[in-house]
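Listed here are the chains, written in short residue letters.
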Amino acid sequence: MHIFLPDEAATIALAQKLAARARAGDVLLLCGSLGAGKTSFARAFIRALTGEPDLTVPSPTFTLVQQYETNTLTIWHYDLWRLQDHHALEELGWDEALEGIVIVEWPDRLGPLTPRHALRLSFSHDGTGRSAELDEDLP
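Residues numbered from 1 in each chain as written. Predicted model: local features only at pLDDT ≥ 70, side-chain atom pairs only at ≥ 80, totals over all residues. Heavy atoms only, no water.

Trainee: Now, about the overall build of the protein: what can you tell me, with residues and values included?
Mentor: Regarding its fold elements, the protein presents three helices and seven strands. Starting at the N terminus and ending at the C terminus, the protein contains elements arranged as β-α-β-α-β-β-α-β-β-β. Over its C-alpha trace the protein gives a radius of gyration of 14 Å, about what one expects of a compact globule, namely 14 Å for 139 residues. Dimensions of the protein along its principal axes, counting C-alpha atoms only, are 40 × 35 × 30 Å. Counting only residues that meet the buried cut, the protein has 49% of its 139 residues in that class. Here the contacts in the protein between residues at least 6 apart in sequence split such that 63% fall between residues at least 24 apart. By element, 50% of the accessible surface of the protein is carried by carbon and sulfur atoms, the whole surface being about 7300 Å². (Helix = DSSP H or I, 4+ residues; strand = E, 2+ residues; numbered from the N terminus. Rg over C-alpha atoms; globule rule 2.2 N^0.38 Å. Buried < 20%, exposed > 50% of the residue type's maximum accessible area, 1.4 Å probe, protein only. Contact = heavy atoms within 4.5 Å. Areas by Shrake-Rupley, 256 points an atom, 1.4 Å probe, with all protein chains shown as cover.)

What follows is the structure in structure tokens.
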């Protein structure tokens with residue numbers, strides 16, 4: 001499914017729509033080049049799930065993972081840009097993370113740890129805005 005995202009508000013709306021459907025065990029794989037909208041989407045998704053629209057959601061580029069608690073589960077936001085491969089994920093709580101909701105930027109680093117059931121979102125620059133490709137249709 002192709003979705004044109006003309007501005008930040010459209011990216012936020014998409015994140016909110018997907019957050020409303022999210023359940024424990026869900027994994028979102030965010031693909032795309034630098035500046036394509038992965039972190040913007042992740043911030044909006046996390047804010048929607050926590051119900052805190054002003055929540056500070058830093059990019060985990062240097063920390064590799066950030067955790068956010070809701071009343072019912074933990075959200076794990078990974079940025080694997082700096083990893084060479086999947087071998088360090090055990091130390092980053094990967095197995096435990098799969099019990100909550102997981103967002104992964106640069107998921108190509110997951111290798112054999114890529115969950116089969118994950119939703120892949122591919123962000124790209126599209127003229128004056130961005131676009132997202134989802135590997136499933138939204139209701």
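Trainee: Outline the sheet that holds strand 7 (residues 129-134), listing residues and values.
Mentor: Ordered in space as 1-7-6-2-5-4-3, the seven strands form an open sheet in which the pairing is mixed. The open sheet has two edge strands with one neighbour each: strand 1 (2-5) and strand 3 (65-69). On average, adjacent strands in this sheet sit at an angle of 20° to one another, irrespective of strand direction. The strands touched by helix 2 (residues 38-50) are strand 2 (27-31), strand 3, strand 4 (74-79), strand 5 (101-105), strand 6 (119-126) and strand 7; relative to strand 5, the strand with the most contacts, the crossing angle is about 165°. (Pairing = 2+ DSSP bridges. Axes fitted to C-alpha atoms, helices over the stretch in contact; angles between N-to-C directions.)

Trainee: Got a sec to walk through the pairing of strand 4? Specific residues and values, please.
Mentor: Counting buried residues in strand 4 gives six out of six residues, a clear majority hidden from the surface. Residues of strand 4 alternate between two faces, with Thr74, Trp76 and Tyr78 on one and Ile75, His77 and Asp79 on the opposite face, all of them buried. Here five bridges tie strand 3 to strand 4, and the two strands are oriented antiparallel to one another. From the neighbouring strand, glutamine 66 faces strand 4, where its bridge partner is histidine 77. Connecting strand 3 to the next strand, strand 4, in antiparallel fashion are four residues.

Trainee: Pulling in residues and values, what's your account of the side chain of threonine 61?
Mentor: Within the element layout of this structure, threonine 61 appears in the loop between helix 2 and strand 3. In terms of polar contacts, threonine 61 uses its side chain to reach the side chain of aspartate 79, at 2.9 Å. Excluding its chain neighbours within four sequence positions, the residues that come into contact with threonine 61 are Asp79, Trp81 and Arg82. (Polar contact = N/O pair within 3.5 Å; in protein donor to acceptor, adjacent residues only side chain to side chain.)

Trainee: Please give an account of the side chain of serine 40 that cites residues and values.
Mentor: Among the secondary structure elements, serine 40 is positioned in helix 2. The class for serine 40 is buried, based on a relative accessible area of 16%.

Trainee: Before we move on, could you go through the nonpolar core and cite the residues and values that matter?
Mentor: Within the largest apolar cluster, 28 residues are counted, with the highest numbers of intra-cluster contacts made by Leu18, Leu30, Phe41, Phe45, Leu121 and Phe123. When contributions to this core are tallied by element, the ones reaching two or more residues are strand 1, helix 1 (8-21), strand 2, helix 2, strand 5, strand 6 and strand 7. Not counting residues up to four positions away in its chain, the partners in contact with phenylalanine 45 are Ala15, Leu18, Ala19, Ala22, Leu28, Ile101 and Ile103. (Core = buried A, V, L, I, M, F, W, Y, C linked by side-chain atoms within 4.5 Å.)

Trainee: Which residues make up helix 1, and what are the values?
Mentor: The end-to-end C-alpha separation of helix 1 is 21 Å, in line with the 20 Å expected for 14 residues at 1.5 Å each. All of the buried residues along helix 1 are Ala10, Thr11, Leu14, Ala15, Leu18 and Ala19. For helix 1, the side-chain oxygen to backbone nitrogen distance between the N-cap and alanine 9 is 3.2 Å, and the N-cap itself is aspartate 7. (Expected span 1.5 Å × (residues − 1).)

These results come straight from atomic positions and should not be treated as a statement about function.
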